[in-house]
Amino acid sequence: MRLDLYFARRFIQSFLMIGVVFLTLMMLIDMVEQLRRFEGIELGFGKLFRLMLLNTPSAIKDILPLLMILSTIVLFVGLARSSELVVTRAVGRSGIRALVAPGAVALIIGILAVTTLNPIAAATSNRYQQLSDIYRTGGPQVLSLSDEGLWLRQGGVQGQSVIHATAYGSIDPIELFDVTIISYDPNGGPVRRIHAESARLGTDAWLLQSAKVWTLASGINPEATAARHDTLPLPTTLTQDRIRDSLGRPMGVSIYDLPDTIRALRQAGFSSRKHEVWYQVELARPLFLMAMVLVGAAFTMRHTRFGGTGLAVLMAVMLGFALYFIRNFAQILGENGQIPVALAAWGPPVASLFLTMGLLLHAEDG
C-alpha cells in the first residue's frame, strides 16, 4: 500500500507539472487568438483576458488525454532511470501491478472531469459565446428548448428581441410556426409584439407570414393600433449556421442537463443523436483516460540501459494520438448515424484498454 501511494504521488506531481506548462502555453495562444478574433473592435485587455479565462476549462478538458500520456511517460522514465522499477520487480511486484496506483488516479481524474469540470466548461463556454455576441452585435443571441417550444433571443443596436415558436417545419432553411416576437428598446422596455403563423429565416431577416403587430407604448391602446401584414420582414442578426450550431452544440450543455435536453430536442422534432453520442462519450471519458495511462506505460516500463528511450516515448505519443483520432472519428460516425451510439462512445476506450493490456502482457511475459 505504501508503494502504491508513492507511485500515485509521483504520478500526481507529474500530472500537475505538465498541466501547468501546457495550460500556460494554451492561455498565451488563446490570448493571441482573441486579439485576432476581435480585431477592429475596441476591447480592453481586461475583456480579452476574461474571454481567455472562459475558454480555459474547455481547453483543459480537451487536453486531458495528452496530459495522461505525458504524465505516465515522465513517471516511468524517471522510475527507470533511478532503478526503482528494478527494485519494485525485485521485491516480487509485477509491472502491471505497479500500474494500479496511476490507473486509479487517472480514473479519479476522469470522474472529476465528468462530474465537475464538464458543468464548469459548459457554463464558461456558454458565457464566452454570450460575451462574444455582445461585443460583436451589441446583444447576446441565445437559443433554448423547453416543453413550451423553441425560444430564441437576438440582439442588435436597436435592442433585444425574444422569439418563441411552438413548432418548426424545417432546419434548412429555418422555418418556425406559431411565432410570437417581443421587441425591447435598448433601455429594456417592450416596444412591440408580433404574432405570425410562420417565420422563415432569410439572409438577414425573418420573413413573417400572416403577422399581426401590436405597438406597446404608454397612452396607446395596442389593439386599436394593431396592424396586419400578409408578409412582414423583420431584420435579424441570427444566421442559419448559428442556430444549427446552437442546436448541435452539446458541449455547451452540462452533463446533468443532457438527458432533459435530449428529451426536449426529441419533443421539438430536432435530431438528438449528436447529444446522445456526446453524453455517452463523456460517461466513457474516465475509461479512456485509464487507457491513455496504459499507452504511456506500455512503451516506457523498461530499463534505460536497453536504450531507445526516445523512440519509445515517440511511439507512445503517436499511439496515443492515433487512439484519440480513432475515438473522434468514431464519435463523428455515431453522430452521422453510421454506427450505433454505444459503439461510437464505448468502442474506442474498451478497444484501447485491450490493446494496451496486450502490449503490457507481451512486455512482461515476452
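The coordinates are above.
In this report, we go over the structure that sits alongside the text. (Residues numbered from 1 in each chain as written. Predicted model: local features only at pLDDT ≥ 70, side-chain atom pairs only at ≥ 80, totals over all residues. Heavy atoms only, no water.)

## Quick notes on the overall build of the chain
1) Next: When you go through the chain residue by residue, the secondary structure sums to 11 helices and seven strands.
2) Next: In the chain, which comprises 366 residues, the share counted as buried stands at 45%.
3) Next: Counted over contacts in the chain with a minimum sequence separation of 6, partners at least 24 positions apart contribute 61%.
4) Next: Counting every atom, the chain has about 18,400 Å² of accessible surface; 63% of that belongs to carbon and sulfur. (Helix = DSSP H or I, 4+ residues; strand = E, 2+ residues; numbered from the N terminus. Buried < 20%, exposed > 50% of the residue type's maximum accessible area, 1.4 Å probe, protein only. Contact = heavy atoms within 4.5 Å. Areas by Shrake-Rupley, 256 points an atom, 1.4 Å probe, with all protein chains shown as cover.)

## Comments concerning the nonpolar core
1) Next: Leu64, Met68, Phe76, Leu99, Met292 and Leu360 are the most contacted members of the largest nonpolar core, which totals 44 residues.
2) Next: Taken together, the elements giving at least two residues each to this core come down to α1 (2-37), α2 (45-81), α5 (100-137), α9 (285-300), α10 (309-335) and α11 (341-365).
3) Next: Looking at this core element by element, the count peaks at 12 residues for α2.
4) Next: Once you skip the residues sitting within four places of it in the chain, Leu360 turns out to touch Ile96, Leu99, Leu294, Ala297, Ala298 and Met301.
5) Next: By size, the runner-up hydrophobic cluster in this structure holds 19 residues, among which are Leu152, Ala165, Leu232 and Leu238. (Core = buried A, V, L, I, M, F, W, Y, C linked by side-chain atoms within 4.5 Å.)

## Brief notes about the pairing of strand β6 (residues 205-215)
1) Next: Pairing between strand β5 (residues 190-201) and β6: nine bridges, direction antiparallel. Bridge pairing links Leu201 to Trp206 in β6.
2) Next: Following β5, the chain reverses through three residues before pairing antiparallel with β6.
3) Next: When β6 meets strand β7 (residues 227-235), the two strands line up antiparallel, connected through eight bridges. Opposite Ala205, over in β7, you have Pro235 as the bridge partner. (Pairing = 2+ DSSP bridges.)

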